[in-house]
Amino acid sequence: MALAVTTSSPVSTRKRVIPGFHLSLGFTLFYLGLIVLIPLSAVFLKTFTMTWPAFWDTISSERVVASYRLTFGASFLAALINVVFGGIVSWVLVRYEFPGKRFIDAMVDLPFALPTAVAGITLATLYAPNGWIGQLLAPLGIKVAFTPLGVLVALTFIGLPFVVRTVQPVLEEAEKELEEAALSLGASHWQTFTRVTLPTILPALMTGFALAFARATGEYGSVIFIAGNMPMISEITPLFMITKLEQYDYAGATAIAVVMLVLSFSLLLAINALQAWMRRRQAAGSKV
Amino acid sequence: MSAISVQPATPVRRVEPPLSLAATTEPRWIRYALMLAAFGFLTLFLFVPLVAVFSEAFKKGWQVYLDSITEPDALSAIRLTLIAAGIAVPLNLVFGVAAAWTIAKFEFKGKSVLLTLIDLPFSVSPVISGLIYVLLFGAQGWFGEWLRDHDIKILFAVPGIVLATIFVTFPFVARELIPLMQAQGSEEEEAALVLGASGWQTFWHVTLPNIKWGLLYGVILCNARAMGEFGAVSVVSGHIRGETNTMPLQVEILYNEYNFAAAFAVASLLTLLALLTLALKALVEWRTNESQAPLDQIS
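What counts, and at which threshold
Residues numbered from 1 in each chain as written. Chains lettered and ligands numbered in written order. Predicted model: local features only at pLDDT ≥ 70, side-chain atom pairs only at ≥ 80, totals over all residues. Heavy atoms only, no water. Helix = DSSP H or I, 4+ residues; strand = E, 2+ residues; numbered from the N terminus. Rg over C-alpha atoms; globule rule 2.2 N^0.38 Å. Buried < 20%, exposed > 50% of the residue type's maximum accessible area, 1.4 Å probe, protein only. Contact = heavy atoms within 4.5 Å. Areas by Shrake-Rupley, 256 points an atom, 1.4 Å probe, with all protein chains shown as cover. Patch = residues over 30% accessible without salt bridge, like charges linked within 9 Å, V, L, I, M, F, W, Y side chains within 5 Å. Salt bridge = Lys/Arg side-chain N within 4 Å of Asp/Glu carboxyl O. Polar contact = N/O pair within 3.5 Å; in protein donor to acceptor, adjacent residues only side chain to side chain. Core = buried A, V, L, I, M, F, W, Y, C linked by side-chain atoms within 4.5 Å. Axes fitted to C-alpha atoms, helices over the stretch in contact; angles between N-to-C directions. Parallel < 35°, antiparallel > 145°, perpendicular 65-115°, else oblique. Nonpolar A, V, L, I, M, F, W, Y, C, P; charged D, E, K, R; others polar. pLDDT = per-residue confidence, 0-100. Phe/Tyr/Trp six-rings, centres within 6.5 Å; stacked < 30°, edge-to-face > 60°. Expected span 1.5 Å × (residues − 1). Bend = angle between axes of the 7 residues up to and from the residue. Lys, Arg positive; Asp, Glu negative; His and termini not counted.

**Here we look at the overall build of chain A**
At step 1: Assigned secondary structure in chain A consists of 15 helices and zero strands.
At step 2: Computed over C-alpha atoms, the radius of gyration of chain A comes to 24 Å, more than 25% over the 19 Å expected from 2.2 N^0.38 for 288 residues, which places it beyond the range of a compact globule.
At step 3: Its C-alpha atoms give chain A principal-axis dimensions of about 65 × 60 × 35 Å.
At step 4: The 288 residues of chain A split such that 53% are buried.
At step 5: Partitioning the intrachain contacts of chain A with sequence separation of at least 6 by distance along the chain shows that 75% fall at a separation of at least 24.
At step 6: Surface summary for chain A: the accessible area is close to 13,400 Å², and the carbon and sulfur share equals 69%.

**Details of the overall build of chain B**
At step 1: Scanning chain B from N- to C-terminus turns up 15 helices and zero strands.
At step 2: Residue pairs in contact within chain B that sit at least 24 positions apart in sequence constitute 71% of those at least 6 positions apart.
At step 3: Of the roughly 14,700 Å² of accessible surface on chain B, 65% is carried by carbon and sulfur atoms.

**Details of the side chain of Ser129(B)**
All names here are of chain B.
At step 1: Residue placement: Ser-129 occurs in helix α7 (residues 126-137).
At step 2: Among the residues examined, Ser-129 registers a relative accessible area of 1% and is labelled buried.
At step 3: Excluding residues within four positions of it along the chain, Ser-129 makes contact with Val-124, Phe-167, Val-168 and Ala-232.

**Focus: a nonpolar patch on the surface**
At step 1: A grouping of Phe30(A), Leu34(A), Ile38(A), Leu45(A), Phe48(A), Trp142(B) and Phe143(B) is seen on the molecular surface, where their side chains present a nonpolar patch of about 760 Å² in accessible area.
At step 2: By the element assignment, Leu34(A) lies in helix α3 (residues 21-48).

**Some points on the interface of chain B and chain A**
A common measure of how large an interface is: the accessible area buried when the components associate.
At step 1: Contact residues are listed per partner, giving 91 residues for chain B and 91 residues for chain A.
At step 2: Run the count over chain B and chain A and you get one salt bridge.
At step 3: Asp109(A) serves as the salt-bridge partner of Lys281(B), at 2.4 Å between the closest nitrogen and oxygen.
At step 4: Linking chain B with chain A are ten residue pairs in polar contact (both at pLDDT 80 or more), by the criterion used here.
At step 5: Examining the composition of the side of chain B that touches chain A, we find that 20 residues originate from one element, helix α3 (residues 28-57) of chain B, more than from any other.

**What about the nonpolar core?**
At step 1: In this structure, Tyr127(A), Ile118(B) and Phe167(B) are the most contacted members of the largest nonpolar core, which totals 184 residues.
At step 2: Here Phe167(B) is in contact with Ile35(A), Val36(A), Leu40(A), Pro121(B), Val124(B), Ser129(B), Ile132(B) and Tyr133(B), once residues within four sequence places are set aside.

**Remarks on the packing of helix α5 (residues 72-105) of chain B against helix α14 (residues 247-256) of chain B**
All names here are of chain B.
At step 1: One way to put it is that α5 packs onto α14 with a least axis distance of 8 Å and a crossing angle of 150°. Considering their axes alone, α5 and α14 lie roughly antiparallel with respect to each other. Contacts between α5 and α14 pair Asp-73, Ala-74, Ala-77, Ile-78 and Thr-81 from the former with Met-247, Pro-248 and Gln-250 from the latter.
At step 2: Each residue belonging to the contact of α5 with α14 can be placed in one class, and the counts come to five nonpolar, two polar and one charged.

**Focus on the confidence of the model for chain A**
At step 1: Summarising the model, chain A shows a mean pLDDT of 88, and 93% of its residues fall at 70 or more.
At step 2: Mean pLDDT values over the elements of chain A span from 40, in helix α1 (residues 2-8) of chain A, up to 96, in helix α8 (residues 116-127) of chain A.

**What about the packing of aromatic side chains?**
At step 1: One pass over the full model with this rule turns up 35 aromatic pairs over all chains.
At step 2: Here the aromatic rings of Phe225(A) and Phe230(B) are separated by 6.0 Å at their centres, their planes lie at 40°, and the arrangement is tilted. Remark: Phe230(B) occurs in the loop between α12 (199-228) and α13 (231-237) and Phe225(A) occurs in helix α13 (residues 221-227); the pair is interchain, linking two chains. As far as burial versus exposure is concerned, Phe225(A) and Phe230(B) are alike and both buried.
At step 3: Between Phe58(B) and Trp62(B), the aromatic rings sit 5.0 Å apart at their centres with planes inclined by 50°, giving tilted as the arrangement.
At step 4: Looking at Phe58(B), the relative accessible area reads 30%, which means it is partly exposed.

**With respect to the pattern of salt bridges**
At step 1: Scanning all chains against the criterion turns up 16 salt bridges over all chains.
At step 2: Measuring nitrogen to oxygen at the nearest pair gives 3.3 Å for the salt bridge that ties Lys244(A) to Asp249(A).
At step 3: On the basis of relative accessible area, Lys244(A) is assigned to the buried category, the value being 16%.
At step 4: Given a relative accessible area of 27%, Asp249(A) falls into the partly exposed group.
At step 5: Through salt bridges that share partners, Asp105(A), Asp109(A), Arg165(A), Lys281(B) and Glu285(B) make up one connected network.

**Side note on α3(B)**
Residues and elements named next belong to chain B.
At step 1: Between its first and last C-alpha atoms α3 spans 41 Å; for 30 residues at 1.5 Å apiece the expected length is 44 Å, and the two agree.
At step 2: Maximum bend of α3: about 45°, positioned at Thr-43.
At step 3: Among the residues making up α3, those that are buried are Met-35, Ala-38, Phe-41, Leu-42, Phe-45, Leu-46, Pro-49, Leu-50, Ala-52, Val-53, Glu-56 and Ala-57.

**Details of unusual backbone geometry**
One can expect most non-glycine residues to show negative phi and most peptide bonds to be in trans.
All names here are of chain A.
At step 1: One non-glycine residue, Phe-146, lies in the positive phi region at around 65°.
At step 2: Locating Phe-146 in the fold gives a position in the loop between α9 (134-137) and α10 (148-173).
At step 3: Since its relative accessible area comes to 37%, Phe-146 is described here as partly exposed.

**Some words on the side chain of Glu252(B)**
At step 1: Within the secondary structure, Glu252(B) sits in helix α14.
At step 2: Despite its burial, Glu252(B) pairs with no opposite charge; the closest candidate is Arg241(B), at 11 Å N-O.
At step 3: Side-chain polar atoms of Glu252(B) contact the side chain of His239(B), separated by 3.4 Å.
At step 4: Glu252(B) has contacts with Ile224(A), Phe225(A), Phe230(B) and His239(B), leaving out every residue within four places of it along the chain.

**Describing the confidence of the model for chain B**
At step 1: Here chain B shows a mean pLDDT of 87. Residues at 70 or above account for 89%.
At step 2: Note that residues 1-20 of chain B has pLDDT below 50 and, in this model, three contacts with residues that lie over four places away or in other chains.

So this is what it looks like as structure tokens:
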């Protein structure tokens, strides 16, 4: 009914019925420009004051390249850990019944809600050699706090909700009939999972991975306390920018910021494409 | 069902699970292994840290805890955090409503570009979010000289902190409202307008009641981030004790001074805020599900 009304009325009349187009668009663009676009453009304009060789030297110095390797490597591994365990958590939350399920479901968002500085000092305290977890790992010769492994722990923590929150709704929507059909036709549980369930949730897993990865590459607060921040070893790129700023090397900090921005915008575009793919697949699925 | 009809004479001793459930449920050992993996992971990364915050905060007893959160510097940090969130959240709320109205109610060119631009602050590192204001208002920045001549302080002062907070929390309300208002369509508003309501009346009496839970949801998330933001605020704050320290910055300073009990005491307040946020969020989700359920049954 409702659909018939909107499709039969031409778009031009709908525009006229609802008021406030110019006011709301005008305010949206004004505020967006003032708060986001003008300040962000400052980053790019600032780098134009640098010469190309100076820019290149800044973004390819040995120390900053080591920080890229750590930041992107640890973010990648953390997102991968979250794909595996986030996938399992969303499976358990959707498919199984157990006491306290709603409580645990709500708690999954804790890394979103907990300020990063709090997460940082807590993880650093837990994984320090005399901390609750650190003293269990110390006899095994594993050092987490103040090593690159600490960066991985912090990035895993902050990326935890992303995969769960993207996979969970897809798993809820997924038709169990397909799995039943596969099982009743003689497929094993493993075959059913890899051939039926996994293809259904794959776009969601990839989107969750990309979101967790993107968040982790820019993360600062939760990492700096546990990382130890040794140049070349456990120094992440955002911290390196802060170091440059504290030396009043604004141009240097900005050059690295441009590299990070270009990478994160590319990631944003990739995430948008993934989400569009997800929506198309879901739409196609619901039509069938 | 079929099991009962086959043997009607004997009483059913055990209720079989419905066939469809039994068919797709994994063997018991797989189920237990998966649940063990999930709970182990969540315990390690969520529950142990959560317990640790409060355990560290109360390590030296109630008196130290109370002293830590009522000393003048801590109170000033709490005040500044409330001010920053108190300005950033309402501004982003107004923006969120305007942006959602524009995107959900009208068709225009460049809509998807606008949507991407609104999401931009989410994909920018907090450090860069602070850096941009240093480039604008710092001593060597675009407006640095003009600000110095007019004796206006933005960077390393409260306005810079407020601006950085606004930037990092910019998309939250818009993000919640846009999909919600797109899904609701504009038939109800059209009906109100055709019946003679003015634009503002339609907004207050038709749109707002429809989006109130989504609005609240967005505000809760926006507020949590505004009060907890660390990276961006740390770049613009200058870390002046009792003046430009927000609660997360106060946590950092205390921790770096090895005053762990006080650091975790202030951190525990932020943790309580996070837990309150999660509780409110769960409540709003429950309310929206409740109000949607009858609709689903009708359609």
